[in-house]
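# Inside the fold
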Amino acid sequence: MTFFRNHWYDIGGIVGVCVAIAIWLNWGGMSTLLKIAALNFFVILWHEFEEFRLPGGEPAITNLAMQPSTDGPADRYPLNQNNAMVINVAAAYVCYLLPVLFPEVIWLGFMPIVFGIAQLVMHVILTPIKIHALYSPGELAVVFGHLPLGIWWFIYTISNGLLDWLSVLFGLLYTVAFIGIFMLRIGYGTLKSTSSPYVFPKAEFERAGYAERIRNQKK
C-alpha cells in the first residue's frame, strides 16, 4: 500500500496511456456515449497526473494557498498522502469508470461530466488568482479535456432526447453525495488529521516549485 500511496498517479498515467491506445484501436466500433465516457476517463487520469506528477504541486497549492490552516503542519494538513490518494482514486476508478462500463445510463455519465466542467472554476479562475499565475496544475486537462467533452456530451444527449429531468435529478444527487459525503465527510473529515502519518515527502510537496512560490508571496 505504501508503494501505491506514493505512486497512484504514476500508475494512473500508465493506465491512461493504455486507455488511450484502446480508444484509438476501437474507435470505429464505439457508440458516441462510450467514446465520450472513455475519453473522459482518460482525461481524469491525465488531470491527476498533471496535478501530482507533471508538473505536480497540488499538495502545496491545496495546503498553502487554497485551504491553508494553522491547525496542523502543511505537509500533511488538511491534505495528506492518504486522503489525496483515496479521493482521487475513487473519483477516477468509480465515478469516471462506471460510465465506460454503463454508457447508456445517463445519470451515471452526468456526474463526471458536470464535475469535470465545474473544475474550470477552480483550475482556471480561483487557483490562478490565489497563486498569482496563469496556470495551475490540472488546468490543461480541464480546458482541453473535461470542457470540450462536457459540451459534446450535453449536445449529444439533449439533441437525441436522452437527457431527461429524472436523469438530471439522479445525476445531481450522485454529485452531491460524492462531494458532500465522500470527499468532505470522509476525505476531508475522517481521513484528515493534524497528526497524520501520511506526510507528503519533501520531493512531492516541493514539486514544480509551487510551495516556494506561495511562501514567497506570503512574505
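Look a little higher up for the structure.
Worth saying up front: this structure is predicted, and the values here are computed from it rather than measured. (Residues numbered from 1 in each chain as written. Predicted model: local features only at pLDDT ≥ 70, side-chain atom pairs only at ≥ 80, totals over all residues. Heavy atoms only, no water.)

### Describing the packing of aromatic side chains
The cut-off we apply is this: In summary, the pairing rule links any two rings of Phe, Tyr or Trp, Trp by its six-membered ring, whose centres are within 6.5 Å, and it sorts them by plane angle into stacked for under 30 degrees, edge-to-face for over 60 and tilted for everything else. Each residue is assigned to one of three classes by its accessible area relative to the maximum for its type, calculated with a 1.4 Å probe on protein chains only: buried under 20%, partly exposed between the two thresholds, exposed over 50%. For helices the rule is a DSSP run of H or I covering at least 4 residues; for strands it is a run of E covering at least 2, with both sets numbered from the N terminus onward.
Under the defined criterion, the tally for this structure stands at 13 aromatic pairs. Taking the centre distance of 5.1 Å and the plane angle of 80 degrees together, the rings of Trp8 and Tyr9 count as edge-to-face. A relative accessible area of 4% means that Trp8 is categorised as buried. Residue class for Tyr9 comes out buried when judged on its relative accessible area of 2%. Look at Trp107 and Phe170: their rings are 6.2 Å apart centre to centre, the planes differ by 75 degrees, and that puts the pair in the edge-to-face class. One end of the pair, Trp107, is in helix H6 (residues 106-131); the other, Phe170, is in helix H8 (residues 165-190), and 63 residues separate them in sequence. An aromatic cluster is present here, built from Trp8, Tyr9 and Phe52 joined pairwise through their rings.

### Comments concerning helix H10 (residues 210-218)
Applied cut-off: The directions considered for the arc are those from the helix axis to the C-beta atoms. By definition in these notes, contact holds between two residues if any of their heavy atoms fall within 4.5 Å.
Residues of H10 that are buried include every one of Tyr210, Ala211 and Ile214, and no others. Projected down its long axis, H10 carries its buried residues within an arc of 105 degrees, all on one side. Buried residues along H10 sit against helix H3 (58-66), H6 and helix H9 (202-205).

### Let's talk about the packing of helix H4 (residues 81-96) against H8
Let me state the cut-off plainly: An axis is simply a line fitted to the C-alpha atoms; with a helix, the fit covers only the stretch in contact. Between two such axes, the angle follows the N-to-C directions and lies from 0 to 180 degrees. Here is the rule for angles: anything less than 35 degrees is roughly parallel, anything more than 145 is roughly antiparallel, 65 through 115 is roughly perpendicular, and the remaining ranges are oblique. Each crossing gets its hand from how the near helix is turned against the far one by less than a right angle, where anticlockwise is left-handed and clockwise is right-handed. Each residue gets one of three labels, nonpolar for Ala, Val, Leu, Ile, Met, Phe, Trp, Tyr, Cys and Pro, charged for Asp, Glu, Lys and Arg, and polar for the others, Gly among them.
Between H4 and H8, the least distance of the axes is 10 Å, while the angle of their chain directions is 160 degrees. Considered as vectors, H4 and H8 are oriented roughly antiparallel to each other. Of the two elements, H4 crosses H8, and the hand of that crossing is right-handed. Listed contacts from H8 to Asn83, Val86, Ile87, Ala90, Ala91, Val94 and Cys95 of H4 are Tyr174, Phe178, Phe182, Met183, Gly187 and Tyr188. Along the lines of polarity and charge, the residues of the contact of H4 with H8 split into 11 nonpolar, 2 polar and no charged.

### A look at unusual backbone geometry
In this structure, the amide linkage connecting Leu54 to the following residue, Pro55, adopts the cis form with an omega of 10 degrees. Following the sequence through the fold, Pro55 ends up in the loop between helix H2 (32-52) and H3. Going from Tyr77 to Pro78, the amide bond is cis rather than trans, its omega being 0 degrees. Here Pro78 lies in the loop between H3 and H4. One non-glycine residue, His132, lies in positive phi territory at about 55 degrees. With respect to the element layout, His132 can be found in the loop between H6 and helix H7 (139-159). Judged by its relative accessible area of 54%, His132 falls in the exposed class. Its identity as a non-glycine residue notwithstanding, Ala208 has a phi of 70 degrees, on the positive side. Here Ala208 lies in the loop between H9 and H10. On the basis of relative accessible area, Ala208 is assigned to the partly exposed category, the value being 47%.

### Some words on the nonpolar core
Going by this rule: Buried Ala, Val, Leu, Ile, Met, Phe, Trp, Tyr and Cys residues that are joined via side-chain atoms within 4.5 Å together make up what is termed a nonpolar core.
Among the nonpolar cores identified, the biggest contains 39 residues, and Phe41, Ile131 and Phe178 are the most heavily contacted of them. The set of elements that each furnish at least two residues to this core consists of helix H1 (2-26), H2, H3, H4, H6, H8 and H10. Top element by residues in this core is H4. It accounts for 8 residues. When residues no more than four places from it in sequence are discounted, the contact partners of Phe178 are Ile87, Ala91, Cys95, Met111, Phe115 and Met183. Leu33, Val43, Ala141 and Leu163 belong to the second-largest nonpolar core, a separate cluster that totals 11 residues.

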